[in-house]
Amino acid sequence: MTTTYPLRTIAAHELDAWAHMVTTTYGQDWQEGGLRNAASSLEPDRTIAAYDGQEIVGGASIYGRVMTVPGGTAPVAGITLVAVLPTHRRRGILTALMREQLTGLHDTGGEPVAALNAAEATIYGRFGYGIASHVAEIRGDKRSMALRPGTDLGDGTIRLLGREEARPLLEKVYESVRGTAVGWVDRTEKFWEARLADRESARDGGTALRFAVHLEPGGAATGYTVYRSRPGTVQVIEVAATSRPSYAALWRFLIDLDAHDGLVYDGAVDEPLKHLLTDPRAARATVTDNLWVRLVDVDRALAARRYATPLDLVLEVQDTFCPWNAGRHRLSADGDSVTCELTRARADLRVTTTELGAAYLGGTTLSSLAAAGRVEELRPGAVTAASLAFRGERAPFHPSGWAFPAF
């Protein structure tokens, strides 16, 4: 709680005022409906605001989600709609909001992990968040995009369906895929509503959303894509497939769409698409940060995931923002048996929670962080052993798609 700008949970009647503050901060008008998507899924009791007298001048919210992590799932606090009015910047409000959220999660035994999409890359590192996944903005020249000869397309078919007919099929495929897709989160009713919302004001000159579903000969859905058309370009919103043939068939469908020379898609860094093409340069990628992760409680967070190789490691953790994490933690992992507890044993690695958050999903490696001087090796070989154990099979990826920095 800051005495100058007190923080508290918003009341139901304050939603419009709170949302007006958020949209003003991000350069939109509440009347445009830019935040209606998020407001429909907001959790008011987890939404806090900073006040200057009676005026709301800052705020942040949490969505309770379940995220796929290496070897399983973990509860995660999705930090979203963080905003401070431009008239009240550099007054400690953002720091107070971040501390209030993380302290509250710790004190109540809430989610052991927090995650967010960052509007700016320079903000959240100082609060212990690390870049845990990346996104590749793929831009394709469809005139040069052809699948490799012999690509297995299976025996299925693709059908264009309306939103209501497609939705239960999308949900089933998504649930199947997210079980092993690190970085994906659960989607309950309200989050599907928000994801598939298609207001005309948000289309930015594009068409309404299109829903293409891949069906096997027996009728089972094994993949889908959601997309819209823009002048000369197919904007691919999401692709999910439970088999290699359905994945390839969906991309052939998108590549073959008439009257579009270009294609754009935000996908995983190791998206298989380029390996399907005879000319991999026909789909070029620009990589940027995707999901930022913060370990709220180091012991609970590290014990919630699994590790690629057996590990017995003592971490000397530094955390000035959440001091309850500071100290030495022994991480022992062998298959499904994982423990992480405070210890007095000699440390093998010295890290901050920022580096542990970056490595948590198995994307950013501890070796690369050590090479940048951000992880200190106290026992020879500890960095290599830890880096191999933390790695995942595929690059983590979080399919976002919100109009605001949201989870």
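The model shown is predicted, which means the values in this text are computed figures rather than measured ones.

Cut-offs and rules
- Residues numbered from 1 in each chain as written.
- Predicted model: local features only at pLDDT ≥ 70, side-chain atom pairs only at ≥ 80, totals over all residues.
- Heavy atoms only, no water.
- Helix = DSSP H or I, 4+ residues; strand = E, 2+ residues; numbered from the N terminus.
- Rg over C-alpha atoms; globule rule 2.2 N^0.38 Å.
- Buried < 20%, exposed > 50% of the residue type's maximum accessible area, 1.4 Å probe, protein only.
- Contact = heavy atoms within 4.5 Å.
- Pairing = 2+ DSSP bridges.
- Axes fitted to C-alpha atoms, helices over the stretch in contact; angles between N-to-C directions.
- Phe/Tyr/Trp six-rings, centres within 6.5 Å; stacked < 30°, edge-to-face > 60°.
- Lys NZ or Arg CZ within 6 Å of the ring centre and 35° of its normal.
- Salt bridge = Lys/Arg side-chain N within 4 Å of Asp/Glu carboxyl O.
- Core = buried A, V, L, I, M, F, W, Y, C linked by side-chain atoms within 4.5 Å.

Peer 1: How would you explain the overall build of the protein chain if you had to name every residue and give the values?
Peer 2: Each helix and strand counted, the protein chain has eleven helices and 19 strands in total. Whereas a compact globule of 407 residues would reach a radius of gyration of roughly 22 Å, the protein chain reaches 22 Å, a difference of no more than 12%. Taken over the C-alpha atoms alone, the protein chain extends approximately 60 × 55 × 35 Å along its principal axes. Of all 407 residues assigned to the protein chain, the portion counted as buried reaches 52%. The contacts in the protein chain between residues at least 6 apart in sequence include a share of 72% that link residues at least 24 apart.

Peer 1: Before we move on, could you go through the sheet that holds strand S18 (residues 349-352) and cite the residues and values that matter?
Peer 2: Within the open sheet, the five strands sit side by side as S17-S16-S15-S18-S19. Their pairing is mixed. The open sheet has two edge strands with one neighbour each: strand S17 (337-342) and strand S19 (376-377). In this sheet, S19 lies alongside S18 in antiparallel orientation, the contact comprising two bridges. Its bridge partner lying in S19, Leu349 is registered against Glu377. Those strands touched by helix H11 (residues 382-390) are strand S15 (311-318), strand S16 (327-334), S18 and S19, and its axis lies near 100 degrees from that of S15.

Peer 1: Quick rundown of the packing of aromatic side chains? Include the residues and the values.
Peer 2: Overall, the coordinates contain ten aromatic pairs when judged by the stated rule. Both rings, one in Tyr124 and one in Tyr129, keep their centres 5.9 Å apart while their planes meet at 80 degrees; by these two values the pair is edge-to-face. For Tyr124, a relative accessible area of 6% translates into the label buried. For Tyr129, a relative accessible area of 1% translates into the label buried. Relative to Trp192, the ring of Tyr174 has its centre 5.5 Å away and its plane inclined at 80 degrees; by these criteria the two rings are edge-to-face. Within this pair, whereas Tyr174 is found in helix H4 (residues 163-178), its partner Trp192 is found in helix H5 (residues 189-196), the two being separated by 18 residues in sequence. The class of Tyr174 is buried, set by a relative accessible area of 1%. Through pairs of rings, three or more aromatic residues link up here, namely Tyr124, Phe127, Tyr129 and Phe321. Positioned above the aromatic ring of Trp192 is the side chain of Arg187, whose terminal nitrogen or guanidinium carbon lies 4.7 Å from the ring centre. In this structure, Arg305 packs its charged tip against the face of Tyr307, placed 4.3 Å from the ring centre.

Peer 1: Pulling in residues and values, what's your account of the pattern of salt bridges?
Peer 2: Under the criterion given, the structure shown has 26 salt bridges. A salt bridge links Arg8 to Glu14, with the shortest nitrogen-to-oxygen separation between them at 2.9 Å. Looking at Arg8, the relative accessible area reads 38%, which means it is partly exposed.

Peer 1: A description of the environment of Pro310 should follow, citing residues and the corresponding values.
Peer 2: The residue Pro310 is located in the loop between helix H8 (298-303) and S15 in this model. On the basis of relative accessibility, which here comes to 60%, the residue Pro310 falls in the exposed class. Distance from Pro310 to Ser337, taken between C-alpha atoms, is 9.6 Å for residues 27 residues apart in sequence. Dropping the residues within four chain positions of it, Pro310 is found in contact with Ala333 and Asp334.

Peer 1: Lay out the nonpolar core in plain terms, naming residues and giving numbers.
Peer 2: With 60 residues, the main nonpolar core has Leu170, Tyr224, Val293, Leu295, Leu302, Tyr360 and Leu361 as its most contacted residues. If sequence neighbours within four positions are ignored, Leu361 has contacts with Met67, Thr68, Val69, Pro70, Ala132, Val182, Gly183, Leu291, Val293, Arg305 and Pro396. In terms of nonpolar packing, the next biggest core, distinct from the first, is built from 43 residues, Leu7, Met21, Leu42 and Leu94 among them.

Peer 1: An account of the sheet that holds strand S8 (residues 157-161) is requested, with residue identities and associated values reported.
Peer 2: In spatial order, the strands read S8-S9-S10-S11-S12-S7-S13; together these seven strands make up an open sheet with mixed pairing. Looking at which strands have only one partner, the edges of the open sheet turn out to be S8 and strand S13 (283-289). This sheet shows a mean twist of 25 degrees between the axes of neighbouring strands, independent of strand direction. Relative to strand S12 (residues 262-267), strand S11 (residues 233-241) runs parallel, the two being bridged by four bridges. In the sheet register, Thr233 faces S12, and the bridge partner there is Gly262. Sheet strands touched by H4: S8, strand S9 (210-215), strand S10 (221-230) and S11. Its angle to S10, the strand with the most contacts, is close to 120 degrees. Contacts from helix H6 (residues 244-255) reach S8, S9, S10, S11 and S12 within the one sheet, and its direction differs from that of S11 by about 170 degrees.

Peer 1: Tell me about the environment of Asp334, and name the residues and values.
Peer 2: Inspection of the secondary structure assignment puts Asp334 in strand S16. When its relative accessible area of 53% is taken as the criterion, Asp334 is described as exposed. In this structure the C-alpha to C-alpha distance between Asp334 and Pro310, which are 24 residues apart in sequence, comes to 4.5 Å.

Peer 1: Give me the lowdown on the environment of Thr122, citing residues and values where you can.
Peer 2: Tracing the backbone through its elements, the reader meets Thr122 in the loop between strand S5 (113-116) and strand S6 (130-131). Here Thr122 falls in the exposed class, since its relative accessible area comes to 67%. Counting along the chain gives 113 residues from Thr122 to Thr9, while the straight-line C-alpha distance between them is 27 Å.

Peer 1: How would you summarise unusual backbone geometry if you had to cite specific residues and measurements?
Peer 2: Even without being a glycine, Leu81 presents a positive backbone phi close to 50 degrees. Mapped onto the fold, Leu81 is located in strand S4 (residues 72-84). What makes Leu81 buried here is its relative accessible area of 0%. Even without being a glycine, Ala259 presents a positive backbone phi close to 65 degrees. Looking at the element boundaries, Ala259 is found in the loop between H6 and S12.

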